[in-house]
Structure formats: C-alpha cells, structure tokens
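Fold and contact review
Listed below are the residues making up each chain.
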Amino acid sequence: MCGIAGFHRSPLPAQGYRELIDGMLAQIEHRGPDEAGCFLDDRTAMGTVRLSIIDLSSGSQPIGTPDGRYWLCYNGELYNYRELRAELTRRGVAFRTESDTEVVLTAWATWGRSCLERFNGAFAFALYDTSTGELHLARDRFGKRPLYVARHEGAWLFASEMKAFLAYPGFEFDFDAQQLASAFATWTPLPAHSGYRGIEQLPMGEYLTIRGEETERGRWAALDLAGGTPPATEEEAVELVRAELESAVDVRLRSDVEVGVYASGGLDSSIIAHLTKERAGLPPRTFSIEFEDAQFDESAEQEELTKHLGTHHSTVRVSDSDVVETFPEAVLHAEVPVFRTAFVPMYLLAQHVRSEGIKVVLSGEGADEAFLGYGVFKDVQLLSKWHELDDETRMKRMAQLYPYLSHFSGEDEHRRMLGLYRQFAEETMPGLFSHQMRFQNGRFAVRLLKDAGDPFAAVRQLVAQEPGFAELTPVQKAQWLEFKTLLSGYLLSTQGERMALAHGVENRCPFLDPAVVRSAATVNLRFGDPFDEKYLLKRAYEDVLPERIVRKGKFPYRAPDSAAFVRSRPDYRDLLTDPGTLDDIGVLDARFVRRFTDRVFDSPPERIGTKENQAFVLLASTVWLHHWYVRGNALRRAPLAVPLYVVDRRSSALPA
Amino acid sequence: MKQESEQYAELKKYMEEQFMFEFDSEITEDSDLFKAGVLDSFGYISLMAHIEREYGVKFGEDALLGNVSASLSGIVDFVASARRQTAESR
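Just so it is clear, the structure is predicted and the values come from calculations on it, not from any experiment. (Residues numbered from 1 in each chain as written. Chains lettered and ligands numbered in written order. Predicted model: local features only at pLDDT ≥ 70, side-chain atom pairs only at ≥ 80, totals over all residues. Heavy atoms only, no water.)

**Examining the UniProt feature "domain: Glutamine amidotransferase type-2" (unreviewed entry) in chain A**
- On the UniProt side, "domain: Glutamine amidotransferase type-2" (unreviewed entry) is annotated at positions that read residues 2-213 of chain A here.
- Overall, residues 2-213 of chain A shows 20% helix and 31% strand. The separation of its end C-alpha atoms is 29 Å. (UniProt positions renumbered as here; feature names shortened; annotations may be inferred. Helix = DSSP H or I, 4+ residues; strand = E, 2+ residues; numbered from the N terminus.)

Put into structure tokens, the structure is as follows:
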C-alpha cells in the first residue's frame, strides 16, 4: 500500500520539481512510511511513498519499463498478480522483481488500457507514457483506493489524498456549496465530488487520460448487480458463495508481511476471521474496538468469536472523550465532511494495529452491500410491493425492518408507521425510490447551509446518466446507490482506507472481490426469506460460527456522537459558533448554526435524534475541515522523513 | 376537550421544541415538514404518539400522511376532523 502524488504540464520551471514533489509526498507520508521515490522530466513529476508489503527488497517505485517508455506510480495491491505474471511470462516477458507493481506496469505496456479489465485489486495509479506525453490515471472498480485530480493555473495535479495539493505553490482550498449540500443530504460526497471547488475525485472503475490540452475519460468496470444463472438448489448456492469467498481470502492473504483481521463481533468479519484461519492454516491475529458506552459495545460477541477460533486477540478500548479528543485529527485524514463519528474509533484501532507490528488487515466491509444486509434493502422490498399487501402483512414486515430501533419495535409503532410508509410507496424523487426516506431525513443537515439549492439535483443526475439504471429492479437500484454513495463515499474511504492509512495500515476486503459480488448478485433473493438479511451468508457459515453471532441480526456499528461532545467538551458550543469562523467559512447559515448548536447543548441527550446527530457531526467536521484545508493548517512543514529515490529525466540543459 | 386554536398553539410549540426549529418565513405553518428537513421517521412516530395521547385519535395507513401533507395546518385540520368524526359516531 502506498500513496501517490504528482503534477503534469505545470508551467512552473522544472528545476524546482524535485522540491515540489518532495513536499507533496511529505503530506501523505503516513500512507507509505517505508520508502519514497519519484520520476521527473520536463513535463511531469510524480512520486510514491511506499508501504512495503509484497517484494520488500526490490519492489521500489517508481518503476519503468526496460525501454524507459512507461513509468508507473502505483497505490494498492493487485491480488491476482501471480496469475497475470504467469500469463505475461508465457508471452516472453522477463520480470526483474517479484512485485505486483511490475505486473501492473507490464500489463499496461502489453495490453494497453484494456489490462484494467483483467485486474482484481484495490488500486489507483498514475502511468506516464514518455513517448506520447500522455498521463493515464485509473482507479479500481469499487473505489477502494482514492485518487483526486485538480486543475491549477494550467497544471494537472493528482494525489491519493487532497492534502498533497497544499504543497503545490498557490493552491488553495475553497468549499463548494452545492457539493456540500449534496453530501449533507445524501450522507457522503458523490463519486466525482470532493466537497471543494476545482478538485474532482476520479470515480470508482474509471480512468482519465490527459493528452496535451485534451482529456479522455471513461469507465472500465461497471457494477454487475444482475449476476449469472442462479444455482438450482440452495445447497449449490451455499457452495458457490463459500467457494468464491475462499478464493477471495486466498488471494488477499498474499503478502510478505503478517496479515491480521478486524473482528467486530458481527457476522461479516467473523466469516473473514474464520476463513483466514482455515485458509492460512493457523488462527490470525484479530483486532477490535471495545466501547466504554454499553450501547455501542460488542465485546461479548468479539470474545465469543475469538475464543471459538483461538485467535490472538487484542482490543482498543474507546471512551466518549477519546472520540471527542481524536475527532479533529481523524477529520484531518478524512478530508471530507463526515455524518457520523464511527470513523474516529477506526482511526484509534488502526493506530493500535500498527503499534502491534501489523501492516495488513482483512475486514468484512462490502458484505452488507453485496448480500443485502441493510434495512434499506428490506425497506424497498416492502415499499415496492406496498399496494399488493394488506395492513397485517405490512405491519409484520415492518417488525423485521429495524428491530434495534425503538421507534420500529412495538405494535403501536408499526400501526403509526403505516401512514409514513404509504407516503414513500410512491416515487417522488426520480430514480431514488429506495432512498427517498433516508434522503428526506438528510434535509435537516442541509439547513446548516445557505444558498444550498436543490441538494438532490446531483444524485438525480448521477442515476439519470447511468446506462441501464432504469432496467434494474428496485432492490438492485438500492444496491447501486449504496455502492456509489455510502460504501465508496464513506465506509471504504473515510471510515476504512483513510483511517487505516493514516497509520500505515492496509485494509483488504474479500467481500468486494468481483467474483464474490457477482455470486452474491446471482443468489440474492432467490433463496430463503427476503426479509432475513444476508440469508445465504448465514446459511453458508452457520455450522462453523457461534450461533449467537449468526443469529444476532444486524447491529449497526456506531460510536458516541453529539452527547459526547456536549458532556466532555462544552467549549465546542463556542468553537462551532465563532462569528469569525462562520463568516470565513461562508457557506454555513450562521443564524441556523447558532440556533441548532444552542439546542444541542441545551437539550437532554434523549431529545437529540439521528438527524440532529448527523447534522452535528457534519457541522463539526466542516468547521475542522475549514481549519485544516481552507485555512491551510494541514500543510506539513517538515520534509520527507525517508530519503527520496529520484529517477531524473529532465533535459540535460537543466542544472542537476 | 381542547379547542382548535389551543390545539394549534400547543402543537406548534410542541413541534418547535421537539424538532428543533421555529416556524418562520422559510418554514411556514403550511410547509411540508418532511421536505423541510424537520420530520424524520423517529420524529414522525413521536409526533403521532403525542397526538394520539393528547387528542384521543388513532392513526392507521389512511391517517395523516395518507391524505394530507405533513404540515402544521394539515395536521391540525386532520386532528380536528378525526375528532369530529369520533364525536359524531358516538
């Protein structure tokens, strides 16, 4: 795992490229503290900070083809690199290293851009063709690794994290009010959005080629939510799921360093821990978060699992004040507005994992999206059939939706809910049927912004432009939206990758192997009760995991939110309402921010509901983002801590 | 039995306190409170429970949101109508 950064076609004199690239890489050194390297010529400067995982001795970057034509700065892992290497070797390629990076480079040199379709991995890279002067940027199919692109005074800037841009001369951050409104309403920035003007995120499964003044962009991987021909029997479906997950874990155990597992105590990570033990032949080291506040804690399930598997387990215990005190630092790494605090304990967990000497962890991320684990999938099944059902059936289904929420548990609540659900049984937001209720709830946070416009215009446009979206079933549309918004925009990025890489820890997600997602799409809703979430996953592993974990049902991972701030840091009332700050931020509605903040700090915690908590965290993260990025306090003054290996192809006329 | 004007004032106060907003030129008494970002499912269930408790009406599918927008004025009209129907049926 690594971080990349660079610029292309900059009007700045090439004599200064080395110092500039050093500064940009220093901003993201936490992603790859083991080595640093760069490639420079008169048009382009690009570099890598490396976290050594595969081929520790000779896998350094940047790496070029023997003829010196292609140069690659690569962030990620190519899980099927051994198979591709074998295929390329059969074609006569002689490899110089054992690294997956050289396989990526050689695959591009051999097959061109179509090599992307052969890749099973988590990656983002910049590949420079010195012959044509083209710069190719590409990102993996599910958006596991980040890649941001910005235009600045004629130059193209790119980096794994936006903070690298702060080191480029004259680059300044400025909030984009429309993107913030969209993020506040839909919980996360949309795939191409960053939250800031002039910075774009390369969307999952897409590439961008910069060719002189022209660009070419496109998608190399689409989400396959239809799957293949379903097996005839449930037993065959179970076998299919097991086989694909075993392969997915096998390739993700490829590493020259030890691989650990995040074990939350839930079904998904328990399956991964079990498979890791089975495939590696010995119990892995497991890591989890223990909350002091019992309402968030799952340590009993974690203990049951780790005893059952015999893993070497360690936990990090997190209190309310830990979350509050670590929040600013975690926001610095998140880089985008955040709607809940659950990413903060993940930051502390990654810190703990790294302190234990572990660089790679497997996690259960993606299972809920692939195997329909979220309530929104049951919601949309109920709503899309609403008019065919009687009240008794509707109420029975409601009881299966969110049993862990108080307002969804009890006959009176289900009866009252009938009127609410009936309203959402009609599509009023084109293309967003499954998410109407969630997105409507997001409107509250949008009130924090002035001049917000229509916060749903961008997401409506996203689905309207998606080829084939209209033909998907209501559940598949919901899946598509989950993959494109919450998964890539928050779970994989803010809560996952960014928190792990802040401490030089690489996370790998077997449930997001393309074959696993395809097999899930093949079997979803074809067997069992559709209101029993992740039915086939439970069936597949009920005989090897503790019954308590299999039967527990969905317990969303959450962390202390506004009440923790109110209790432990009353000064946040002033921090969030400081007139100078609000005036400087510009996009916030200062009047509503003050009213809202007063209400949160003056109300008993039980009066603060989900949408208020989300608004609070969005507000607090925006204020910290302003501090770090708009005011520029995220700029690190220290140079790279490791020596910079330089491939210098600048013209000989330039001084060395 | 409370009168409609009293009911109006009381519901308005309850909603402002419960849902952290104030009726003003932006969110009026006729605004759809879902679309205004005031009501979510948790708030909706709390509001229904409060109305059932305070005004003696029962909600089902064809209740509040089935026929009227979730505005303060719509809610008050609905409660008044439901109570009249209850009184007439006695």
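**Observations regarding the interface of chain B and chain A**
- Chain B puts 31 residues into the contact, and the matching count from chain A is 33 residues.
- For the chain B and chain A pair, buried surface summed over both sides reaches about 3,000 Å², with 50% attributable to carbon and sulfur atoms.
- Taken together, the links from chain B to chain A amount to 5 salt bridges.
- For Glu22(B), the salt bridge is made with Arg599(A), and the minimal N-O distance between the two is 3.8 Å.
- Here chain B and chain A share 6 residue pairs in polar contact (both at pLDDT 80 or more) between them. (Contact = heavy atoms within 4.5 Å. Buried area = accessible area lost by both parts, 1.4 Å probe. Salt bridge = Lys/Arg side-chain N within 4 Å of Asp/Glu carboxyl O. Polar contact = N/O pair within 3.5 Å; in protein donor to acceptor, adjacent residues only side chain to side chain.)

**Details of helix α2 (residues 41-55) of chain B**
Residues and elements named next belong to chain B.
- With 15 residues, α2 ought to run about 21 Å at 1.5 Å a step, and its terminal C-alpha atoms sit 21 Å apart, in line with that.
- Where burial is concerned, most of α2 is hidden: 12 out of the 15 residues are buried.
- Among all positions in α2, only Ser-41, Gly-43, Tyr-44, Ile-45, Ser-46, Leu-47, Met-48, Ala-49, His-50, Ile-51, Glu-52 and Tyr-55 are buried.
- Immediately downstream of α2, the backbone of Gly-56 shows phi near 65 degrees, a positive value. (Expected span 1.5 Å × (residues − 1). Buried < 20%, exposed > 50% of the residue type's maximum accessible area, 1.4 Å probe, protein only.)

**Observations regarding helix α4 (residues 177-186) of chain A**
Residues and elements named next belong to chain A.
- Counting buried residues along α4, 9 of its 10 residues qualify, which places the element largely inside the surrounding structure.
- Next to the buried residues of α4 lie α14 (436-441), α15 (443-446), α16 (457-464) and α26 (610-630).
- With a side-chain oxygen positioned 3.0 Å from the backbone nitrogen of Gln-178, the residue opening α4 is Asp-176.
- Once α4 finishes, Trp-187 follows within two positions and takes phi at roughly 85 degrees, a positive value.

**Focus: the environment of Val103(A)**
Residues and elements named next belong to chain A.
- For Val-103, the location among the structural elements is in helix α3 (residues 100-111).
- Val-103 sits 21 residues away from Arg-82 along the chain, and the two C-alpha atoms are 8.4 Å apart.
- Beyond its immediate sequence surroundings of up to four residues, Val-103 is in contact with Leu-78, Tyr-81, Leu-84, Arg-85, Leu-88 and Phe-95.

**Digging into the pattern of salt bridges**
All names here are of chain A.
- Counted by the stated rule, this structure contains 66 salt bridges over all chains.
- Here Glu-161 ties to Lys-163 by a salt bridge, and the two come within 2.7 Å at their closest N and O atoms.
- For Glu-161, a relative accessible area of 0% corresponds to the buried category.
- Here Glu-335 and Lys-163 are joined by a salt bridge, their closest N and O atoms 3.0 Å apart. Taken together, the positions of Glu-335 in the loop between α8 (320-334) and α9 (343-355) and Lys-163 in the loop between β9 (155-159) and α4 put the pair 172 residues apart, joining distant regions of the chain. Take Glu-335 and Lys-163: they sit in the same class, and that class is buried.
- Taken together, the salt bridges that share partners define one network made up of Arg-31, Arg-145, Glu-161, Lys-163, Glu-335, Glu-497 and Arg-498.

**Digging into empty space enclosed by the protein**
All names here are of chain A.
- Throughout the structure, instances matching the rule amount to 6 cavities of 30 Å³ or more.
- Roughly 130 Å³ of volume is contained in the largest cavity.
- Of all the secondary-structure elements, those providing two or more residues to the lining of the largest cavity are α11 (375-384) and α20 (535-541).
- By residue number, the principal contributor to the lining of the largest cavity is α11, which donates 3 residues.
- When grouped by side-chain class, the residues that make up the lining of the largest cavity number 9 nonpolar, 2 polar and 5 charged. (1 Å grid on protein atoms, 1.4 Å probe; cavity = no way out; pocket = protein on both sides within 12 Å on 5 of 7 lines; lining within 4 Å. Points joined across faces, edges and corners; volume = space filled by probe spheres on them. Nonpolar A, V, L, I, M, F, W, Y, C, P; charged D, E, K, R; others polar.)

**Quick word on the nonpolar core**
Residues and elements named next belong to chain A.
- Counting residues in each nonpolar core, the largest one holds 242 residues, and the members touching the most others are Phe-125, Phe-165 and Tyr-421.
- Looking at this core element by element, the count peaks at 11 residues for α26.
- Ala-124, Leu-147, Val-149 and Leu-202 belong to the second-largest nonpolar core, a separate cluster that totals 18 residues. (Core = buried A, V, L, I, M, F, W, Y, C linked by side-chain atoms within 4.5 Å.)

**Re the side chain of Glu482(A)**
All names here are of chain A.
- One can find Glu-482 in helix α17 (residues 474-491).
- Note on Glu-482: relative accessible area 0%, which makes it buried.
- If sequence neighbours within four positions are ignored, Glu-482 has contacts with Glu-369, Tyr-374, Val-376, Phe-377, His-435, Arg-438 and Leu-487.

**Observations concerning the packing of helix α5 (residues 234-252) of chain A against helix α6 (residues 267-280) of chain A**
All names here are of chain A.
- Two numbers describe how α5 lies on α6: the axes approach to 10 Å, and their chain directions differ by 70 degrees. Considering their axes alone, α5 and α6 lie roughly perpendicular with respect to each other. Viewed along their axes, α5 and α6 form a crossing whose handedness is right-handed. On the side of α5, the interface is formed by Leu-245, Glu-246, Val-249 and Asp-250, while α6 contributes Ile-271, Ile-272, Leu-275, Thr-276, Glu-278 and Arg-279.
- The residue makeup of the contact of α5 with α6, split by class, is 5 nonpolar, 1 polar and 4 charged. (Axes fitted to C-alpha atoms, helices over the stretch in contact; angles between N-to-C directions. Parallel < 35°, antiparallel > 145°, perpendicular 65-115°, else oblique. Left-handed = near helix turned anticlockwise from the far one by under 90°.)

**Describing the sheet that holds strand β16 (residues 360-362) of chain A**
Residues and elements named next belong to chain A.
- Read from one edge to the other, the open sheet built from 5 strands follows the order β15-β14-β13-β16-β17, with strand pairing classed as parallel. With one partner strand each, in any of the chains shown, β15 (312-318) and β17 (506-508) form the two edges of the open sheet. Neighbouring strand axes in the sheet, compared pairwise and without regard to direction, differ in orientation by 30 degrees on average.
- Examined bridge by bridge, strand β13 (residues 259-262) and β16 share 3 bridges and lie parallel to one another. Bridged to Val-259 within β16 is Val-360.
- Across the sheet, helix α7 (residues 299-309) lies against β14 (285-291) and β15, angled at about 160 degrees from β14, the strand it touches most. (Pairing = 2+ DSSP bridges.)

**Section: the pairing of β13(A)**
Residues and elements named next belong to chain A.
- What you see with β13 is no split at all: Val-259 and Val-261 on one side and Gly-260 and Tyr-262 on the other are buried throughout.
- One ladder, built from 2 bridges, connects β13 with β14; its direction is parallel. Bridge assignment links Val-261 to a residue of β14, and that residue is Thr-286.

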